[in-house]
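Below, each chain spelled out in residue letters.
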Amino acid sequence: MPYATQTQIQLAAGGASRLVELADWDGDGVADADVIAQAQSAADGWIDGYARVRFATPISAPSSSLIRVAAEEAVYWLRKQRNMITDDYRLDHEERERWCKDMASGKVRPDEPLPTKSTAVRSAYVSGDERPVSREKLRGFW
């Protein structure tokens, strides 16, 4: 199930008429369902690429922030396919990319309660001091 519904994508696009402008590829005056599904898939895949570093994907109960990012990214994909990207849209995309990087680093949670941990996360012991220990080297520490 995609993170953002068609209604949420429509709101992110700026209304029904703007969504039709972006997603009506056969010229019948109606947004094509397969085009919207492709945009949803592209946005979800892009988000999951960042999320799976830390969380199991797809996120089972996405937050409102994640849904908003998915809807806006789907609209960005639709605009990109129509060569309608402006500098403002590019800056918005970069902001969403920063949000995804924060999600990958654990600063942003994509749902509550904390989602399932990714299988890509591995625990490891890291020692801060690899010097050999001897009486001579410990002199002065006591």
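Above this text sits the structure in question.
Residues numbered from 1 in each chain as written. Predicted model: local features only at pLDDT ≥ 70, side-chain atom pairs only at ≥ 80, totals over all residues. Heavy atoms only, no water.

## A look at the overall build of the chain
Of regular secondary structure, the chain possesses six helices and zero strands. Along its sequence from the N terminus, the chain presents helices and strands in the succession α-α-α-α-α-α. Looking at the chain as a whole, 32% of its 142 residues are labelled buried. Within the chain, counting contacts between residues at least 6 apart in sequence, those at least 24 apart form 73% of the total. (Helix = DSSP H or I, 4+ residues; strand = E, 2+ residues; numbered from the N terminus. Buried < 20%, exposed > 50% of the residue type's maximum accessible area, 1.4 Å probe, protein only. Contact = heavy atoms within 4.5 Å.)

## Focus on the environment of Ala51
Residue position: Ala51 is located in helix 3 (residues 33-51). Along the primary structure Ala51 and Asp102 are separated by 51 residues, whereas in three dimensions their C-alpha atoms are 9.5 Å apart. If near-sequence neighbours (up to four positions away) are discounted, Ala51 is found in contact with Thr57 and Met103.

## Section: the pattern of salt bridges
Under the criterion given, the structure shown has four salt bridges. Measuring nitrogen to oxygen at the nearest pair gives 3.7 Å for the salt bridge that ties Glu72 to Arg96. Note that Glu72 is positioned in helix 4 (residues 64-81) and Arg96 in helix 5 (residues 87-105), a separation of 24 residues in sequence. Taking the relative accessible area as the measure of exposure, Arg96 reaches 6% and is therefore buried. Across the pair Asp87 and Arg90 runs a salt bridge whose closest N-O atoms are separated by 3.2 Å. Taken as a pair, Asp87 and Arg90 lie in helix 5 at a separation of three residues, close to a single helical turn. On the basis of relative accessibility, which here comes to 57%, the residue Asp87 falls in the exposed class. Taking the relative accessible area as the measure of exposure, Arg90 reaches 38% and is therefore partly exposed. (Salt bridge = Lys/Arg side-chain N within 4 Å of Asp/Glu carboxyl O.)

## Structural notes on the nonpolar core
Counting 31 residues, the largest nonpolar core has Ile9, Leu19, Ala23, Ile47, Leu78, Trp99 and Met103 as its most contacted members. Within the residue set of this core, elements represented by two or more residues are helix 1 (6-13), helix 2 (16-23), helix 3, helix 4 and helix 5. Of all the elements, helix 4 adds the most residues to this core, at nine residues. (Core = buried A, V, L, I, M, F, W, Y, C linked by side-chain atoms within 4.5 Å.)

## Quick look at the packing of helix 4 against helix 5
Pairs of packed helices are described in terms of their axes, by the angle between the two and the distance that separates them. At a minimum axis separation of 11 Å, helix 4 and helix 5 run at an interaxial angle of 140 degrees. In this structure, the crossing between helix 4 and helix 5 has a hand that is left-handed. Residues Ser65, Leu66, Val69, Glu72, Glu73, Tyr76 and Arg79 of helix 4 form the contact with helix 5, whose own contacting residues are Tyr89, Arg90, His93, Arg96 and Trp99. Of the residues assigned to the contact of helix 4 with helix 5, the class counts are five nonpolar, two polar and five charged. (Axes fitted to C-alpha atoms, helices over the stretch in contact; angles between N-to-C directions. Left-handed = near helix turned anticlockwise from the far one by under 90°. Nonpolar A, V, L, I, M, F, W, Y, C, P; charged D, E, K, R; others polar.)

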